[in-house]
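Chain by chain, the residues run as shown.
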Amino acid sequence: MIKVPPGIKTIAVNRKARFDYTIDDRYECGIELLGTEVKSFRDGKISFPDAWAEVINKEVWLRSLRIAENPFSSIFNHDPDRKKKLLLHREEIKRIARKTEEKGYTLIPLSFYFKNGRVKVELGLCKGKKVYDKRADIRERDIKREVSREFRGKLS
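Now for a quick tour of the structure. Because the structure is a prediction, the values reported are computed rather than measured. (Residues numbered from 1 in each chain as written. Predicted model: local features only at pLDDT ≥ 70, side-chain atom pairs only at ≥ 80, totals over all residues. Heavy atoms only, no water.)

## A word on the packing of aromatic side chains
The geometry of two aromatic rings is summed up by the distance between their centres and the angle between their planes. Taken as a whole and judged by the stated rule, the model has 2 aromatic pairs. Aromatic pair Phe41 and Phe112: ring centres 5.7 Å apart, planes at 50 degrees, arrangement tilted. Within this pair, whereas Phe41 is found in helix 2 (residues 35-43), its partner Phe112 is found in strand 8 (residues 105-115), the two being separated by 71 residues in sequence. A relative accessible area of 0% places Phe112 in the buried class. Here the aromatic rings of Phe48 and Phe112 are separated by 4.8 Å at their centres, their planes lie at 75 degrees, and the arrangement is edge-to-face. Separated by 64 residues along the polypeptide, Phe48 in the loop between strand 3 (46-47) and strand 4 (52-56) and Phe112 in strand 8 bring together distant segments of the chain. With respect to class, Phe48 is no different from Phe112; both count as buried. (Phe/Tyr/Trp six-rings, centres within 6.5 Å; stacked < 30°, edge-to-face > 60°. Helix = DSSP H or I, 4+ residues; strand = E, 2+ residues; numbered from the N terminus. Buried < 20%, exposed > 50% of the residue type's maximum accessible area, 1.4 Å probe, protein only.)

Written out as structure tokens, the structure reads:
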């Protein structure tokens, strides 16, 4: 079981990204949101199966993150599919830009969480896995499961 530090509340985790990509680096970054978007985050009404980020003009933008509209807000509700700006240090953005220019690297959101009342994104610098890599991961996971079952059986 993963220990979560105090002051952190997990909103959502992208488990599929951990299966489809090998994660080389992780970055914690803030996200620029509107008030109604924060309310939707608090309710957990987000969807990001195909979300990705890109560097444009020395800024990092998150794409394909869908934040559901808040039904209790007025007519000034947010656009659910707008691109969101991610907040990182300038040096981190330069490092990320250099890496994403290399062949095969992508920026994928791994998880969303609240840290001291602010929404944070764990952004991963990832490289896509081949089919045989995925099969090897599945095989490895099955072997670990079998070993733990046998171990538990012997303890009883």
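## Description of helix 3 (residues 90-101)
Taking 1.5 Å as the rise per residue, helix 3 with 12 residues should run 16 Å; its terminal C-alpha atoms sit 17 Å apart, in good agreement. Looking at the buried positions of helix 3, the neighbouring elements they touch are strand 2 (21-31), strand 4, strand 5 (59-63) and strand 8. (Expected span 1.5 Å × (residues − 1). Contact = heavy atoms within 4.5 Å.)

## Focus: the side chain of Asn14
Following the sequence through the fold, Asn14 ends up in the loop between strand 1 (8-13) and helix 1 (15-20). Aside from chain neighbours lying at most four places away, what touches Asn14 is Phe48, Ile108, Pro109 and Leu110.

## Points about the state of the cysteines
Applying the stated criterion across every chain yields a total of 0 disulfides. Summary of cysteine pairing: Cys29 is not part of a disulfide, and the nearest cysteine sulfur, belonging to Cys126, is at 12 Å. Judged by relative accessible area, Cys126 falls into the buried class, the value being 0%. (Disulfide = S-S within 2.5 Å.)

## What to know about the pairing of strand 9 (residues 118-128)
One face of the sheet, then the other: side chains in a regular strand alternate in exactly this way. Burial analysis of strand 9 places 8 of its 11 residues in the buried class, the great majority of the element. With 9 bridges joining them, strand 2 and strand 9 adopt antiparallel strand pairing. By the bridge assignment, Glu28 is partnered in strand 9 with Glu122. (Pairing = 2+ DSSP bridges.)

## Quick word on unusual backbone geometry
Its identity is not glycine, yet Asn57 carries a phi of approximately 50 degrees, on the positive side. Here the phi dihedral of Asn116 falls at roughly 55 degrees; this positive angle occurs in a residue that is not glycine. Tracing the backbone through its elements, the reader meets Asn116 in the loop between strand 8 and strand 9. Using a relative accessible area of 61% as the deciding quantity, one classes Asn116 as exposed.

## A word on the nonpolar core
Residues Phe41, Leu65 and Leu86 are the most contacted members of the largest nonpolar core, which totals 26 residues. Counting only elements with at least two residues in this core, the list comes to strand 2, strand 5, helix 3, strand 8 and strand 9. Those residues within four positions of Phe41 in sequence are excluded, and the remaining contacts are Ile11, Leu33, Ile46, Leu65, Ile67, Phe112, Phe114 and Val119. (Core = buried A, V, L, I, M, F, W, Y, C linked by side-chain atoms within 4.5 Å.)

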